[in-house]
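These are the residues of each chain, in order.
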Amino acid sequence: MSENPLQVLIQTFEKVSNSVQTHLTNLIGQPHNPSSTSNKPLLSFSSSSKVNPSSIDLAPLLQPEDIIKKGNSAAPVTKEELGMATWTFLHTLAAQYPDNPTRQQKKDVKELMAILSRMYPCKECADHFKEILRTNPVQAGSHAEFSQWLCHAHNVVNRSLGKLAFQCERVDARWGKLECEQRACDLLGDTTEFGEGTYKKL
Ligand SMILES: Cc1cc2nc3c(=O)[nH]c(=O)nc-3n(C[C@H](O)[C@H](O)[C@H](O)COP(=O)(O)OP(=O)(O)OC[C@H]3O[C@@H](n4cnc5c(N)ncnc54)[C@H](O)[C@@H]3O)c2cc1C
């Protein structure tokens, strides 16, 4: 007899939830009150085929005092902090962008820029970026092309804010790949893990 798909979904969710809990515990130590929470997933559902809303345990695993306090973490971020974090993300992505990207990777990176121009949490910046994309379409044919394009786009923003332009020939010296063991951060990862035939030339 085939399994109830909802039950399979719930079991999968519980497994993921348990692994997140283990990961969090490794990161921040034991939960505040181990006796009440140590064996519970972050969210747990009854595995019966019928989902009863009252069986959903929404009690959070972490107590407020367990939350790592990093300054005033509830304070809104500034436009500058958001900008720096976003440029760090984008330039790191560019540093890892392959010399010979697949068609999908080129499509993804263009979509990512388009989505940023629509959803970036600073509206003024998003509108500005949209205009930059309109006049400077994303070039993502290779690592060199994309990292130079991004450097140029960043410089357009820099200039509009009255800042000096960054020298783009130094972009590879400024932005490196994410420090990561055993190439685990490569966009394609270690292909041996998935076996032959997982990847094909597009
Ligand atoms: C898509 C986007 C659009 C934005 N639009 C606006 C806007 O319209 N108005 C606004 O006020 N703010 C905007 N910002 C924020 C702004 O760009 C800065 O992030 C913010 O002002 C903080 O500047 P910063 O001088 O600390 O360094 P950032 O400009 O954030 O740069 C971070 C670091 O990147 C390096 N860097 C600088 N220029 C380049 C470059 N060209 N190429 C590679 N590396 C470089 C430098 O080492 C620098 O310290 C935008 C941010 C983003 C991500």
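A brief report on the enclosed structure follows. Throughout this document, residue positions are counted from 1 along each chain, in the order its sequence is written. Where local features are concerned, this predicted model is filtered to residues with pLDDT of at least 70; where side-chain atom pairs are given and counted, the filter is 80 or more; whole-chain, interface and lining totals use all residues.

The next point concerns the overall build of the protein. Within the protein one finds seven helices and zero strands. Whether a residue is buried, exposed or partly exposed is read from the other C-beta atoms within 10 Å of its own C-beta, which are placed from the backbone; 20 or more gives buried, 12 or fewer gives exposed, and intermediate counts give partly exposed. Relative to its full complement of 202 residues, the protein shows a buried share of 10%. Here a helix means four or more residues in a row that DSSP labels H or I, a strand means two or more in a row labelled E, and each is numbered from the N terminus.

To continue, consider the site of the ligand. The criterion for a residue being near a molecule or strand is a backbone-placed C-beta atom within 6 Å of that molecule or strand. The environment of the ligand is formed by 22 residues, the closest being Gly83, Cys125, His128, His154 and Phe166. For the shell around the ligand, the secondary structure elements donating two or more residues are helix 3 (79-96), helix 5 (123-135), helix 6 (143-160) and helix 7 (171-174).

With that settled, the discussion passes to the nonpolar core. To form a nonpolar core, buried Ala, Val, Leu, Ile, Met, Phe, Trp, Tyr and Cys residues must be joined through C-beta atoms within 7 Å. Grouped together as the largest cluster of nonpolar side chains are 11 residues: Leu90, Ala94, Tyr97, Val109, Met113, Ala140, Phe146, Trp149, Leu150, Cys151 and Ala153. Tallying contributions element by element places helix 6 first for this core, with five residues. Contacts here follow a simple rule: the backbone-placed C-beta atoms of the two residues must lie within 7 Å. Discounting chain neighbours no more than four positions away, the residues touching Tyr97 are Val109, His143, Phe146 and Ser147.

For helix 4 (residues 103-119), built from 17 residues, the straight-helix expectation of 24 Å at 1.5 Å per residue is met to within 8% by its first-to-last C-alpha distance of 24 Å. Listing the buried residues of helix 4 in full gives Lys106, Val109 and Met113. End-on view of helix 4: buried residues confined to an arc of 70°, all on one side of the axis. Facing away from the buried side of helix 4, by more than 90 degrees, are the exposed residues Arg103, Gln104, Lys107, Glu111, Ile115, Arg118 and Met119. Elements that come into contact with the buried residues of helix 4 comprise helix 5 and helix 6. Under the convention used throughout, the expected extent of a helix is 1.5 Å for every residue step, that is, one less than its residue count. Note that the arc is computed from the directions linking the helix axis to the C-beta atoms.

Now for the packing of helix 3 against helix 6. Lines are fitted to the C-alpha atoms to define the axes, a helix being fitted only along its stretch in contact, and any angle between axes, read from their N-to-C directions, falls within 0 to 180 degrees. Two elements in contact, helix 3 and helix 6, have axes separated by 8 Å at closest approach and are oriented at 160°. One element, helix 3, and the other, helix 6, form an angle in the roughly antiparallel class. Judged by the sense of rotation from one axis to the other, the crossing of helix 3 with helix 6 is left-handed. Facing Trp87, Leu90, His91, Ala94 and Ala95 of helix 3, the residues of helix 6 in contact are Phe146, Ser147, Leu150 and His154. Residues were grouped as follows: Ala, Val, Leu, Ile, Met, Phe, Trp, Tyr, Cys and Pro as nonpolar; Asp, Glu, Lys and Arg as charged; and all remaining residues, including Gly, as polar. Of the residues that constitute the contact of helix 3 with helix 6, the class distribution is six nonpolar, three polar and no charged. An angle counts as roughly parallel when it lies under 35 degrees, as roughly antiparallel when it exceeds 145, as roughly perpendicular when it falls between 65 and 115, and as oblique in every other case. Handedness of a helix crossing follows the sense of rotation of the near helix relative to the far helix, less than a right angle counterclockwise being left-handed and clockwise being right-handed.

So, about the environment of Lys79. In this fold, Lys79 is placed in helix 3. On the basis of neighbour counts, which here come to 12 C-beta atoms within 10 Å, the residue Lys79 falls in the exposed class. Residues Lys79 and Pro121, 42 residues apart in the sequence, show an inter-C-alpha distance of 8.9 Å. Leaving out residues up to four positions away in the same chain, Lys79 has contacts with Cys122 and Cys125.

Our next topic: the packing of helix 4 against helix 5. Closest axis-to-axis distance for the helix 4/helix 5 pair is 7 Å, and the angle between their directions is 145°. Across the interface between the two elements, Met113, Ala114, Leu116, Ser117 and Arg118 of helix 4 pack against Ala126, Phe129, Lys130 and Leu133 of helix 5.

Function cannot be read off these values alone, since they describe shape.
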